[in-house]
Structures are given as structure tokens and as C-alpha cells.
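Analysis of the macromolecular model
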Amino acid sequence: MKKEYGFGILGAGLVSPFHAKSVKASQGGKLIAFCDMSKDRADKLATEYGVKAYYDLADMLKDPAIDVVNVCLPNHLHHQAVLACARAGKHVLTEKPPAMTLQETDEMIAACAQAGVKFGCTVQCRVRKAIQAIKKAVADGRFGTLLQADAVMKWFRSTDYYKSDAWRMSRKSGAGVTVQHAFHYIDLIQYIAGPAARVDARMTNLAHPDIHLEDTLYAFIEFKGGARGMVEASTAMWPGTDIRIEIHGTDGTAIMTGEKMSVWKFREEKPEDAEIRAIGSAAQSTGATGAADFGYLDHAFLIQDMIDSINTGREVAIPVASVRPTLEIVLAMYHSAFRGTPVTLPVKDDEKIWEWKG
Ligand SMILES: NC(=O)c1ccc[n+]([C@@H]2O[C@H](COP(=O)([O-])OP(=O)(O)OC[C@H]3O[C@@H](n4cnc5c(N)ncnc54)[C@H](O)[C@@H]3O)[C@@H](O)[C@H]2O)c1
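Keep in mind the model is a prediction, meaning the values are calculated, not measured.

Definitions and cut-offs
- Residue numbers restart at each chain and count upward from 1, following the sequence in its written direction.
- Where local features are concerned, this predicted model is filtered to residues with pLDDT of at least 70; where side-chain atom pairs are given and counted, the filter is 80 or more; whole-chain, interface and lining totals use all residues.
- To qualify as a helix, a DSSP run of H or I must reach at least 4 residues; to qualify as a strand, a run of E must reach at least 2; elements of each kind are numbered from the N terminus.
- The atom set for the radius of gyration is the C-alpha atoms, and the globule formula is 2.2 Å times the number of residues raised to the power 0.38.
- Exposure classes come from backbone-placed C-beta atoms, where a residue is buried if 20 or more other C-beta atoms lie within 10 Å of its own, exposed if 12 or fewer do, and partly exposed in between.
- Residues are defined as contacting one another if the C-beta atoms placed from their backbone atoms lie within 7 Å.
- In this analysis, residues qualify as near a molecule or strand once their C-beta atom, positioned from backbone atoms, comes within 6 Å of it.
- Under the scheme applied, nonpolar residues are Ala, Val, Leu, Ile, Met, Phe, Trp, Tyr, Cys and Pro; charged residues are Asp, Glu, Lys and Arg; polar residues are all the others, including Gly.
- By this rule, a helix spans an expected 1.5 Å times one less than how many residues it contains.
- Criterion used throughout: strands pair if DSSP finds at least two bridges between them.
- For helices, the fitted line uses only the C-alpha atoms of the stretch in contact; every axis is such a line through C-alpha atoms, and the angle between N-to-C directions lies from 0 to 180 degrees.
- Per the annotation, domain bounds derive from an automatic or database assignment of domains.
- Crossing chirality is assigned from the near helix's rotation relative to the far helix, an anticlockwise turn below a right angle marking it left-handed and a clockwise turn marking it right-handed.
- By convention in this section, buried Ala, Val, Leu, Ile, Met, Phe, Trp, Tyr and Cys residues joined through C-beta atoms within 7 Å make up a nonpolar core.

Looking now at the overall build of the chain. Looking only at helices and strands, the chain has twelve helices and 14 strands in total. Computed over the C-alpha atoms, the radius of gyration of the chain is 20 Å, within 12% of the 21 Å expected from 2.2 N^0.38 for a compact globule of 358 residues. A principal-axis box enclosing the C-alpha atoms of the chain has dimensions of 55 × 50 × 40 Å. Out of the 358 residues in the chain, the part that is buried amounts to 49%. In the chain, once contacts between residues fewer than 6 apart in sequence are set aside, the share between residues at least 24 apart is 68%.

On to the site of the ligand. Close contacts around the ligand come from 23 residues, with G11, G13, L14, V15 and E95 the closest. When its residues are assigned to classes, the shell around the ligand shows ten nonpolar, eight polar and five charged.

Right, let's talk about helix α12 (residues 324-339) for a bit. Taking 1.5 Å per residue as the helical rise, α12 with its 16 residues ought to reach 22 Å, and the 22 Å between its terminal C-alpha atoms agrees with that figure. Among the 16 residues of α12, 13 are classified as buried, and the element is accordingly described as predominantly covered. At the C-terminal side of α12, G340 shows a positive phi close to 75 degrees.

Strand order in the open sheet formed by six strands is β3-β2-β1-β4-β5-β6, with parallel pairing between adjacent strands. Both outer strands of the open sheet, β3 (52-54) and β6 (119-121), are each paired with one neighbouring strand and no more. The average undirected angle you get between the axes of adjacent strands in this sheet is 25 degrees. Bridging between strand β2 (residues 29-35) and β3 involves three bridges; their strand directions are parallel. From the neighbouring strand, C35 faces β3, where its bridge partner is Y54. Where helix α11 (residues 297-312) meets the sheet, its contacts fall on β1 (5-10), β2, β4 (68-71), β5 (91-94) and β6, and the angle it forms with β5 comes to roughly 160 degrees.

In terms of domain boundaries, the chain breaks down into domain 1 (5-124 + 296-319) and domain 2 (126-289 + 324-354). With centres defined by C-alpha atoms, the gap from domain 1 to domain 2 works out at 25 Å. Contacts between domain 1 and domain 2 engage 18 residues on the former and 17 residues on the latter. Elements supplying a minimum of two residues to the side of domain 1 that touches domain 2: α5 (102-115) and α11. By residue class, the composition of the side of domain 1 that touches domain 2 is ten nonpolar, six polar and two charged.

One way to put it is that helix α9 (residues 183-193) packs onto α12 with a least axis distance of 9 Å and a crossing angle of 115 degrees. Classified by chirality, the crossing of α12 by α9 is right-handed. Judged by residue contacts, F183, I186, D187 and Q190 of α9 engage P325, T326, I329 and V330 from α12. Taken together, the residues of the contact of α9 with α12 break down into five nonpolar, two polar and one charged.

Across soluble globular proteins, you tend to see nonpolar side chains buried next to one another. With 105 residues, the main nonpolar core has V92, Y185 and M333 as its most contacted residues. No fewer than three residues from each of domain 1 (5-124 + 296-319) and domain 2 (126-289 + 324-354) sit in this core. Not counting the four nearest positions on each side in its chain, V92 is found in contact with V69, V71, V82, C85, A86, C112, V117 and F119.

Structural data, given as C-alpha cells:
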């Protein structure tokens, strides 16, 4: 058993400091390097954190001090990077979405399994205490029959945010409110009520006329277990408000607002309910008003989990295989919006869905 595991962060952009702070705060993790094809970006963060800078993944993968690579690249670049990490025998924590197609996702899962390396995904909202309490209440049957699992995300992102990098304006690269921002919250309702059987989605651009992407999604999900879900997600709603996850059953309702449990009501009250109602803080930012406007503690949980899972040999808390059903729902939403009809799962990969018809 090793005492310390070296982390190399691939990509030195917006999300990378959240990973870096998390490694710094961990027990048993050591930040070794940043790698970015932009020398300026890699050098800037490497200097700030007092670690090495690499400008090419192949060079960073040769570094024996690195055990884990955090893949923080634009969405369409995760696939090739993860395959290279697996070939080099490095454990991988990839940012969301894991990839842009199901085939790529399956290839990455297979490559990591074959190499015997851990493969986790930072859909970090799953680890929020409110979500874990809801998940447990579902497992314990407290909701009765699960009726509805809704995600409401009314955020704001400026046109300048979209224009800050070419990939943020390209659907094929993983931009668009559905696959980029709402992914987390679609993941939460999938995690709680999934898997899905059928999806009906409409996408539109309400407030970013210069950007050829959907900034707003309206979707209806029928889950295999019988529950339904509504998703409303937007980056057009200035100034942006906290997300809401709303879970309803015949015997109870729970609502998470931001990271706070704002409603927790069951026909049968339990002694732990008062404590559960106090979960979270209304003051904690969760991304509503800006791209870097959130805390790093959920990322920190997953970094510590990666270290602990390597040490103990157990599975990571959020294996990519558990996020594949979310990607499938998201892809089904694009299929549905592209064709203007409901879509029954499973779906097949299809490049056409990235064409913007709005
Ligand atoms: N979990 C979260 O809450 C969260 C939040 C924001 C972003 N993200 C995800 O993190 C990932 C990165 O997003 P971001 O906003 O930090 O993007 P970004 O554009 O700010 O950073 C990406 C970096 O990758 C670099 N890069 C691109 N191609 C490269 C290559 N081939 N080799 C080396 N470096 C390369 C770019 O130069 C850039 O610095 C995306 O998958 C995004 O969805 C997740």
C-alpha cells in the first residue's frame, strides 16, 4: 500500500483549480503537475501551486510520480485522453460528461478495466448530503411509489462565457446547456429514479442569439420504474437562481435547493428527519450565476474517494459505468429535439444530433 498518490491534472482551465485544491486538501494525495497544450495556462497554474508543468499528455504520462490523471479537457477530448491514461497504467478521474458518444464511453470503460485502473467521473453533485439522504429514503421505501423526479436549473451564462473558447460554442465538442450544464442535474434524477425508458425534449435559444446552441432545454422523461421526470434547464435566466431537485412519491416529498434540503416531508416522520431538514446552506453557491461560482468540497470528496479506493482495492464512489445511463438520456434528448419526436431508449450514436436547427 502506498502512502501518497501523485495526481497530474490534464487541462489547466476553469475547472482545474477545483481539482488542484481538492488534491491539496486530501489525505494521501500529492499534486505533481498540470498539463495543458497552452504553455501559458499550464505555467500559470503550475507556478501558483508550486508543481511541474507539462505541455503534452504523452510527456506527463511518462512521469512515474503520477498515479492518477484528472481529465479536465473539453468534453470531446476526454475519450482519447482516457485511453492514453489507461494504456499508461494511470488511474483516471474524468470530468463530465464522460465522453460525447456511448461507443467512446464503452471503449474507455473497457480500456480502464483491461488496464486494471480506477475510472471515476466527477458528477460531484451526487455526493451532496441532501442527495444521499434522498437516495437512502428511496431505497428505504419512504416515498412509497415514486411518482416524479424533476430537475429545474434556471441559470445565467453571458455571451462572453460562450465566446471565451471555441469549444464552448460547438455542440459537437460538448457545448449546449443540456450536455454541459444540465448534465449534473439530469444525472441526479437518473441516479434517484433511473434508468429511463423514454424521453421527449425540446431545445431553444432564448437569450444568446450570437451562439448557435441551445441555451434552454425542456424535457419529459419516463423512467423504467414508472416515475416521470420534468427537466427545465437554461443559461438564459438572468441573474440565475439555485437549482432544484424535486422528488415526489405517494408518501413523501423532498426538494433540494442548491445544496440545501428545503422540503423533507413524509407521511411517517422519523427521528432523523429534523437533522436531515437542516442539511446544507442557502449561502453556498452552486453555479447559478457564474461558471466558477461554486465550492470545491464535492470535488474534494471524489479525490479522497479515489485515493481510498486505490488503497483498499474497492470500486470508486462514482464509476463511469454508473454515469453511462445519464449520457444515454442526454443523447436521447438531442435525438428527440433533432427529430421533434419522443425517443425510446436505448439510442444509437448519431452525429446528426449535434446539428443546430434552432
Ligand atoms: N464538474 C463540474 O462542476 C465542472 C465545472 C466546469 C467544467 N467541468 C468540465 O471540465 C472540463 C473542462 O472544462 P473547463 O471549463 O475547465 O474548460 P477550459 O476550456 O477552461 O479548460 C480546458 C483546458 O484544456 C486545454 N486543452 C485543450 N486541448 C488540450 C490537449 N489536447 N492537451 C492539453 N490541454 C488541452 C485548453 O487549453 C484549456 O486550458 C469539461 O469536461 C467540463 O464539462 C466540470
